[in-house]
Amino acid sequence: RQMCIRDRYMGSQQQQQQTTQQQTIQPPREGERIFASPLARKTAKERNVDLTQIKGSGPEGRIILQDVENFKGVASAQQQAATAPKKEKPAASKTQQAAPATQNPFEDIEVTNVRATIAKRLTESKQNIPHYYLTIEVEMDSLMKLRAQINENATSKISVNDFIIKASAKALLDVPEVNSQWHGTYIRQFKNADISVAVGSDNGLITPIVHNANNKPLEAVASQMKELVAKAKANKLQPNEFIGGTFTISNLGMFGVSDFIAVINPPQSCILAVSQTEKRLVPGLQLSLIHI
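Before going into details, it helps to say that this report is about the structure given with it. Please read all numbers here as calculations on a predicted model, not as lab measurements.

## Remarks on the side chain of Gln268
No. 1: Mapped onto the elements, Gln268 comes out in the loop between β10 (247–251) and β11 (271–274).
No. 2: Reaching out from Gln268, the side chain makes a polar contact with the backbone oxygen of Gly244 at a distance of 3.3 Å.
No. 3: There is a polar contact of 2.6 Å between the side chain of Gln268 and the side chain of Thr248.
No. 4: Residue contacts for Gln268: discarding those within four places in its chain leaves Ser180, Gln181, Ser196, Gly244, Gly245, Thr246, Phe247 and Thr248.

Set out below in structure tokens:
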């Protein structure tokens, strides 16, 4: 009988301990669902109180308004950072900011609308247009002799680039697939060659257009090109003088560049990169060649 009473007593003790453990409600862990009354949630939000740090005293550990009002814990690090007053950074000099590692002074140059447009268009071109590249060398001896003869009595000198503009215009009529623009759902082929020529200026790269170059004599092409270059460098080009074009020429030969790759000017389908003219010794001959 004593053993039976003792067992019953111990069993009663265990039940009391289990009941006590169930009544001791722990705060919910991170990621667990939080049971709280709507008023308690609203008040906690207003006071920046993290509900996961509160022990609920309501039925089944539910957090009630009184629990929130009695809570005196510390807000989370993120809440403290969100509510802490922001420290104002000292204004840095635009022209004399110093790099932490080298202490090298530098200057930030504001990007103009023209340069921003160029950067955007050329980036889109390289990303969206599948470029492929073809390279040839052209013998220039006959052209250089012809140019020298024309310029002997010409009032306006003709450049090598003027010859290239005229030759390209004639070639585009022979291969109309190149004299075209891509417009997504259709390809637009042109009857005349409007040659865009890349010109560098203080505002960035711009491409003035020699319209109907295939129908103009060489002297007219040279004269118009000089006028367009002057306008481009003075930032006086009208929109119709640089917007459009069916084919672009980029010539860096006058800077001694022997080879380079140009980026297509969308929506055009092709661009010609022209390098310098140079003399090469061939057994029995001496040739002037241009790399395009």
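That covers the picture; the talk isn't over yet.
## Some thoughts on the side chain of Asn161
No. 1: One can find Asn161 in helix α7 (residues 160–174).
No. 2: Within the structure, Asn161 has its side chain in polar contact with the side chain of Asn251 (distance 2.8 Å).
No. 3: What Asn161 contacts, discounting residues up to four positions off in sequence, is Val197, Ile249 and Asn251.

## Section: the layout of surface pockets
No. 1: Each pocket or cavity is described by its volume, and for the largest pocket that value is around 1,300 Å³.
No. 2: Around the largest pocket, the lining is made up of 43 residues, and of these Val178, Phe247, Cys270, Ile271 and Leu272 lie nearest the centre.
No. 3: Those elements that place two or more of their residues in the lining of the largest pocket are α7, β4 (180–182), β11 and β13 (285–291).
No. 4: No other element matches α7, which puts six residues into the lining of the largest pocket.
No. 5: Classifying every residue of the lining of the largest pocket gives 31 nonpolar, ten polar and two charged.
No. 6: The computed volume of the second largest pocket comes to approximately 690 Å³.
No. 7: In this structure, the second largest pocket is lined by 30 residues; those nearest its centre are Ile118, Leu205, Ile206, Thr207 and Asn265.
No. 8: Among the elements of the structure, α5 (113–128), β8 (204–206), α8 (218–233) and β10 are those that each provide at least two residues to the lining of the second largest pocket.

## Re the nonpolar core
No. 1: Membership of the largest hydrophobic core comes to 22 residues, with the highest contact counts inside it found for Ile165, Ile195 and Ile249.
No. 2: Of all the secondary structure elements, the ones that give two or more residues to this core are α7, β6 (195–197), α8, β10 and β11.
No. 3: Ranked by the residues each element gives to this core, the list is headed by α7, at five residues.
No. 4: Dropping the residues within four chain positions of it, Ile195 is found in contact with Ile165, Ala169, Leu172, Pro208, Ile209, Val210, Ala213, Phe247 and Ile249.
No. 5: Ala36, Ala40, Ala44 and Val68 belong to the second largest nonpolar core, which has nine residues in total.

## Description of the pattern of salt bridges
No. 1: A complete count under the given rule lists four salt bridges for this structure.
No. 2: We note a salt bridge from Lys231 to Glu241, for which the minimum N-O separation is 2.9 Å. Of this pair, Lys231 sits in helix α8 while Glu241 sits in the loop between α8 and β10, and the two are ten residues apart along the sequence.
No. 3: Residue classification places Lys231 among the partly exposed positions, given a relative accessible area of 25%.

## Notes on the environment of Pro38
No. 1: Mapping Pro38 onto the fold places it in helix α2 (residues 38–46).
No. 2: In this structure, the C-alpha to C-alpha distance between Pro38 and Ile63, residues 25 residues apart in sequence, is 9.6 Å.

## Things to note about the sheet that holds β11
No. 1: The mixed open sheet is built from four strands, whose spatial order is β9-β6-β10-β11. Edge strands, defined here as strands with exactly one partner in the open sheet, are β9 (209–210) and β11.
No. 2: As judged from the two bridges shared by β6 and β9, these two strands associate in the antiparallel manner. Along β9, the bridge assignment pairs Ser196 with Ile209.
No. 3: Lying on the sheet, α7 is in contact with β6, β10 and β11; it crosses β10 at an angle near 155°.

## Some points on the pairing of β11
No. 1: Burial along β11 is two-sided: Ile271 and Ala273 and Leu272 and Val274, pointing in opposite directions, are all buried.
No. 2: Examined bridge by bridge, β10 and β11 share four bridges and lie parallel to one another. If you follow Ser250 over to β11, its bridge partner there is Ala273.

So, how was this worked out
Residues numbered from 1 in each chain as written. Predicted model: local features only at pLDDT ≥ 70, side-chain atom pairs only at ≥ 80, totals over all residues. Heavy atoms only, no water. Helix = DSSP H or I, 4+ residues; strand = E, 2+ residues; numbered from the N terminus. Polar contact = N/O pair within 3.5 Å; in protein donor to acceptor, adjacent residues only side chain to side chain. Contact = heavy atoms within 4.5 Å. 1 Å grid on protein atoms, 1.4 Å probe; cavity = no way out; pocket = protein on both sides within 12 Å on 5 of 7 lines; lining within 4 Å. Points joined across faces, edges and corners; volume = space filled by probe spheres on them. Nonpolar A, V, L, I, M, F, W, Y, C, P; charged D, E, K, R; others polar. Core = buried A, V, L, I, M, F, W, Y, C linked by side-chain atoms within 4.5 Å. Buried < 20%, exposed > 50% of the residue type's maximum accessible area, 1.4 Å probe, protein only. Salt bridge = Lys/Arg side-chain N within 4 Å of Asp/Glu carboxyl O. Pairing = 2+ DSSP bridges. Axes fitted to C-alpha atoms, helices over the stretch in contact; angles between N-to-C directions.

Note that all results are geometric; they support no functional claim without further evidence.
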